[in-house]
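# Descriptive structure summary
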Amino acid sequence: MNFCHKTARPVYCWPLYLVFIIVSFGQAFAQTTPVAPSAQPQPTPRLTTEKNFFSNILRDQKGIWTAPFHWQQSDAKWIAPLLLSTGALIVTDRRTSGALVSHGDNLSRLRISKDISYLGSAYATGGTAALFYIAGRLKHDERAKETGLLAAEAFLNSGIVAQVLKVASQRQRPPVDNSSGEFFDGGSSFPSGHAISAWSVATVIAEEYGPRHPAVRYGAYALATAVGISRYTGRKHFLSDVLMGSAMGYGIGRYVYHQHHDPSLDSENRKQTTRLLKSKFFPAVVPTFSRQAHLYGASLAWSF
């Protein structure tokens, strides 16, 4: 059944779409914040070994799809802005997508957008997870190994969610019917699969390495953002498709990380840092001060 007739203007239909979003899409975030013990069952053990990989995905899917039932009042601080932004974009999607056409489908822009969007393809995002895992196995680096496993979990979880919602929403893509963007009309535009995949994997990497290496966090998010924008400029998705895909990818990545991350890796990292600081081979910065000589500064002390 087509709830919004093809000839209806999107502005009359967007409240229905928002209800659809509220019910379906909030799951990506709700369990990234603490939930009262009475609102959810006891947490499951954080298992990240290969033999638990697929069982973890099944548990993730259960948690993702039931998350709206565990929302708290504090979640409104991110739910409200997200839904308002998505609603505003849905209302203006036809105009913003049409603006690209009115300025001409520049072949160079389309080509560049297509090239950038490859970073969000299944080959690139799944391959990134595989590279982390393989490198971790070869170098006996538990953090890299975990990053690969959790990135793969996030990638598969986001892929499942995206495909289910594409079938449920059936939104037309921008080139169809002068960018009308109709829902429930046989399309596959909502949400952006590239954006959700890129953001889910990037978020896991950022959570694993961001606290120690901020450049990794910013770099991962920058690449994911570029993928999302390229899907719009390449006329593969509307801006609202990209926003919700990115938001869900970020939420799913955080959910997977906080559910299955091994805290002992952080403890081991602190121990290694402490040992390094205590090592006689580690240089120390020593303050230098002399009022008589008017000398103020610092010196590098290094014992051998």
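Everything quoted here is computed from the prediction, not taken from an experiment.

So, about the layout of surface pockets. Of the pockets and cavities examined, the second largest pocket occupies roughly 230 Å³. Counting residues per element, the ones that place at least two in the lining of the second largest pocket are helix 6 (122-139), helix 8 (193-209) and helix 9 (214-233). Split by residue class, the lining of the second largest pocket holds ten nonpolar, two polar and no charged.

Three- or four-residue spacings in an α-helix give side chains the same orientation, since the helix completes a turn every 3.6 residues. A rise of 1.5 Å per residue sets the reference length of helix 3 (residues 53-66), with its 14 residues, at 20 Å; its end C-alpha atoms lie 20 Å apart and thus fit the reference within 8%. Phe53, Asn56, Ile57, Asp60, Gln61, Gly63 and Ile64 are the residues of helix 3 that are buried.

This part is about the packing of aromatic side chains. For any pair of aromatic rings, geometry is given as the distance between the ring centres together with the angle between the planes. Summed over all chains, the structure comprises seven aromatic pairs. Ring centres of phenylalanine 183 and phenylalanine 184 lie 6.1 Å apart, and the angle between their planes is 50 degrees; on these two criteria the pair is classed as tilted. The class of phenylalanine 183 is buried, set by a relative accessible area of 1%. Note on phenylalanine 184: relative accessible area 16%, which makes it buried. Between tryptophan 199 and tyrosine 250 the ring centres are 6.4 Å apart and the planes differ by 80 degrees, which places this aromatic pair in the edge-to-face class. Within this pair, whereas tryptophan 199 is found in helix 8, its partner tyrosine 250 is found in helix 10 (residues 239-260), the two being separated by 51 residues in sequence. Under the relative-accessibility criterion, tryptophan 199 is labelled buried at 14%. With relative accessibility at 29%, the residue tyrosine 250 sits in the partly exposed group.

Attention shifts here to the confidence of the model for the protein. Looking at the protein, the pLDDT average stands at 79 and 71% of residues meet or exceed 70. Mean pLDDT values over the elements of the protein span from 45, in helix 2 (residues 27-30), up to 97, in helix 8. Low pLDDT, under 50, characterises residues 14-46; the predicted model gives this stretch 75 contacts beyond four residues in sequence or across chains. Every residue in residues 272-282 is under pLDDT 50, and counting partners more than four places away or in other chains gives eight contacts.

Our focus in this paragraph is helix 6. Its 18 residues give helix 6 an end-to-end C-alpha distance of 25 Å, which sits within 8% of 26 Å, the value for a rise of 1.5 Å per residue. For helix 6, the set of buried residues is Thr125, Ala129 and Gly136. Around the axis of helix 6, the buried residues are gathered within 35 degrees of arc, so they sit on the same side. Exposed side chains of helix 6 directed beyond 90 degrees from the buried face belong to Tyr123, Leu131, Leu138 and Lys139. Of the residues one or two after helix 6, histidine 140 is the one with positive phi, at around 55 degrees.

Reading guide: rules and limits
Residues numbered from 1 in each chain as written. Predicted model: local features only at pLDDT ≥ 70, side-chain atom pairs only at ≥ 80, totals over all residues. Heavy atoms only, no water. 1 Å grid on protein atoms, 1.4 Å probe; cavity = no way out; pocket = protein on both sides within 12 Å on 5 of 7 lines; lining within 4 Å. Points joined across faces, edges and corners; volume = space filled by probe spheres on them. Helix = DSSP H or I, 4+ residues; strand = E, 2+ residues; numbered from the N terminus. Nonpolar A, V, L, I, M, F, W, Y, C, P; charged D, E, K, R; others polar. Expected span 1.5 Å × (residues − 1). Buried < 20%, exposed > 50% of the residue type's maximum accessible area, 1.4 Å probe, protein only. Phe/Tyr/Trp six-rings, centres within 6.5 Å; stacked < 30°, edge-to-face > 60°. pLDDT = per-residue confidence, 0-100. Contact = heavy atoms within 4.5 Å. Arc of directions from axis to C-beta.

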